[in-house]
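As a plain string of letters, each chain reads:
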Amino acid sequence: MQGMAARSQAGGATPESVTRASQPEDGLLLRVDPELREGARQILAHPLPDPLDHAAALKMRAATPPPASPLAAPAIEQHIAPGTPGHPDARVAVIGRRAGTTLRPAVLHIHGGGFIVGRAQDTYAASQRLAGELDCVVVEAEYRLAPETRFPGPLEDCYAALSWLHANADTLGVDRTRIAIMGESAGGGLAAMLAIAARDRKRIPLCYQVLIYPMLDDRTGSTRAVPPFIGTIGWNAQGNRFGWAALLGQPAGAARVPAGSVPAREPSLAGLPPTFIGVGAIDLFVDEDIAYAQRLIAAGVPAELLVIPGAYHGFDFIAPASQAAIRFDAAWKRALRTAFTPG
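Residues numbered from 1 in each chain as written. Predicted model: local features only at pLDDT ≥ 70, side-chain atom pairs only at ≥ 80, totals over all residues. Heavy atoms only, no water.

Take the overall build of the chain next. On a plain count of helices and strands, the chain comes out with 11 helices and 8 strands. Expected size for 343 residues packed as a compact globule is a radius of gyration near 20 Å; at 18 Å, the chain falls within 12% of this value. In terms of overall dimensions, the chain has a C-alpha envelope of 60 × 40 × 40 Å along the principal axes. In the chain, which comprises 343 residues, the proportion classed as buried is 58%. Taking all contacts inside the chain whose residues are at least 6 apart in sequence as the whole, residues at least 24 apart take part in 77%. Positive and negative charge centroids in the chain, built from 31 and 32 side chains respectively, lie 4 Å apart. (Helix = DSSP H or I, 4+ residues; strand = E, 2+ residues; numbered from the N terminus. Rg over C-alpha atoms; globule rule 2.2 N^0.38 Å. Buried < 20%, exposed > 50% of the residue type's maximum accessible area, 1.4 Å probe, protein only. Contact = heavy atoms within 4.5 Å. Lys, Arg positive; Asp, Glu negative; His and termini not counted. Charge placed at Lys NZ, Arg CZ, Asp CG, Glu CD.)

Right, dumping it as structure tokens:
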């Protein structure tokens, strides 16, 4: 999952973004956008560990290649955000701060990785490009991984980063009324959790959330089956069960979950910020993402949903030059740019 495929390493498959198809390759690939098929073959050639457990996750982390070098500009600054009560301080990286009196919008970005792998530094180059394209500040949140740290630890790390951004907005040249959050895959799930936490704690207003094929429901692939052609390229049901179990400290799909831990199980979505959700039509998360968008709309939250035909999990990072990826990136960036435009 791009949660598991670093944005800066979009040109090829990574151990975290892959799984084995459960049906013949030719039949499966017929469901894939032709421009995305070579990337799908790369992914299918490197399956997830079976079984996927804590030991396997540690090996996946150790095997992750070094992050790509960041761009020459804009600059990246490292800071420490004070932890929330009962939690340690969190690391953040600030991208795109510049001198001047004009306040600019900001994005808090949360990397993916199934809750079990991933590093903020893998996304630095992509966030540098985003800061330049949207003329904004990007703050990268680093969070502790599961299962070593279970919920609410990773969420609290993200909340600490958001609180630090909001508290230091003047110094960073950020307009507090134009702070958005964004994440891919598990990072999208954490962004959705963070939006709920920000709403409930009533301290930090958010102007928008961008959820890129977000990981929202622990029941997918556990108590809720998916068609055999969905979730076979990229993140799969086995990975989803382990990722959620690692975060929650209980089997995925259990009857009850900790409050605020699973966005799809949140009783009310009213009062959340306007939202963009994008997902591929053969991504494991397609059903849960569509359902979440429907619930947002029913709760009175302005929501935009984009489903890309023939696209699997992380397709935009595996095949960034494809027309599908170009259309996808343009859509969420347009939505974010509009959210940042003073009304």
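Past the structure itself, the notes keep going.
The geometry of an aromatic ring pair is captured by two quantities: the separation of the ring centres and the angle between the planes. Applying the stated criterion across every chain yields a total of 4 aromatic pairs. Summarising the aromatic geometry, the rings of Phe115 and Trp244 are spaced 5.0 Å apart at their centres and angled 65 degrees between planes, so their arrangement reads as edge-to-face. Within this pair, whereas Phe115 is found in the loop between β3 (104-110) and α4 (124-134), its partner Trp244 is found in helix α8 (residues 237-248), the two being separated by 129 residues in sequence. For the pair Phe115 and Trp244, one class covers both residues: buried. Between the aromatic rings of Tyr213 and Phe317, the centroid separation amounts to 6.5 Å while the plane-to-plane angle is 85 degrees, which identifies the pairing as edge-to-face. Here Phe317 lies in helix α10 (residues 315-318) and Tyr213 lies in the loop between β6 (208-212) and α8, a separation of 104 residues in the sequence. Of the two residues examined, Tyr213 and Phe317, each falls in the buried class. (Phe/Tyr/Trp six-rings, centres within 6.5 Å; stacked < 30°, edge-to-face > 60°.)

Residues Leu108, Phe115, Leu162, Leu194, Trp244 and Tyr292 are the most contacted members of the largest nonpolar core, which totals 65 residues. Considering each element in turn, this core owes the most residues, 10 residues, to helix α7 (residues 186-201). Grouped together as the second largest cluster of nonpolar side chains are 46 residues, Ile212, Leu306, Ala331 and Phe340 included. (Core = buried A, V, L, I, M, F, W, Y, C linked by side-chain atoms within 4.5 Å.)

A word on the environment of Ala126. Within the secondary structure layout, Ala126 lies in helix α4. Spatially, the C-alpha atoms of Ala126 and Ala180 are 17 Å apart, while their sequence positions differ by 54 residues.

Next up on the list: the environment of Ala56. Inspection of the secondary structure puts Ala56 in helix α3 (residues 54-63). A C-alpha to C-alpha distance of 35 Å links Ala56 and Arg327, two positions 271 residues apart in sequence. Setting aside chain neighbours within four positions, we find Ala56 in contact with Pro49 and Pro51.

A few words on the packing of helix α5 (residues 153-167) against α7. Between α5 and α7, the least distance of the axes is 10 Å, while the angle of their chain directions is 65 degrees. Pair α5 / α7 crosses with right-handed handedness. Taking contact as the criterion, the partners of Pro154, Leu155, Glu156, Cys158, Tyr159 and Leu162 in α5 are, on α7, Leu190, Met193, Leu194, Ala197, Ala198 and Arg201. By residue class, the composition of the contact of α5 with α7 is 10 nonpolar, no polar and 2 charged. (Axes fitted to C-alpha atoms, helices over the stretch in contact; angles between N-to-C directions. Left-handed = near helix turned anticlockwise from the far one by under 90°. Nonpolar A, V, L, I, M, F, W, Y, C, P; charged D, E, K, R; others polar.)

Two elements in contact, α4 and helix α11 (residues 323-340), have axes whose closest approach is 11 Å; the angle formed by their N-to-C orientations is 50 degrees. Comparing their axes, α11 and α4 come out oblique. Two packed elements cross with a definite hand, and for α4 against α11 that hand is right-handed. Listed contacts from α11 to Leu130, Glu133 and Leu134 of α4 are Trp332, Lys333, Leu336, Arg337 and Phe340. Per-class residue counts for the contact of α4 with α11 are 5 nonpolar, no polar and 3 charged. (Parallel < 35°, antiparallel > 145°, perpendicular 65-115°, else oblique.)

What follows deals with the pairing of strand β2 (residues 90-95). Counting buried positions along β2 gives 5 out of 6 residues, so the element sits mostly inside the fold. Relative to β2, strand β1 (residues 76-81) is paired through 6 bridges, and the arrangement is antiparallel. What sits directly across from Ala81, in β2, is Ala90. Pairing analysis gives 4 bridges linking β2 to strand β4 (residues 137-141), with the strands arranged antiparallel. Following the sheet pairing, Val94 is matched in β4 by Val139. (Pairing = 2+ DSSP bridges.)

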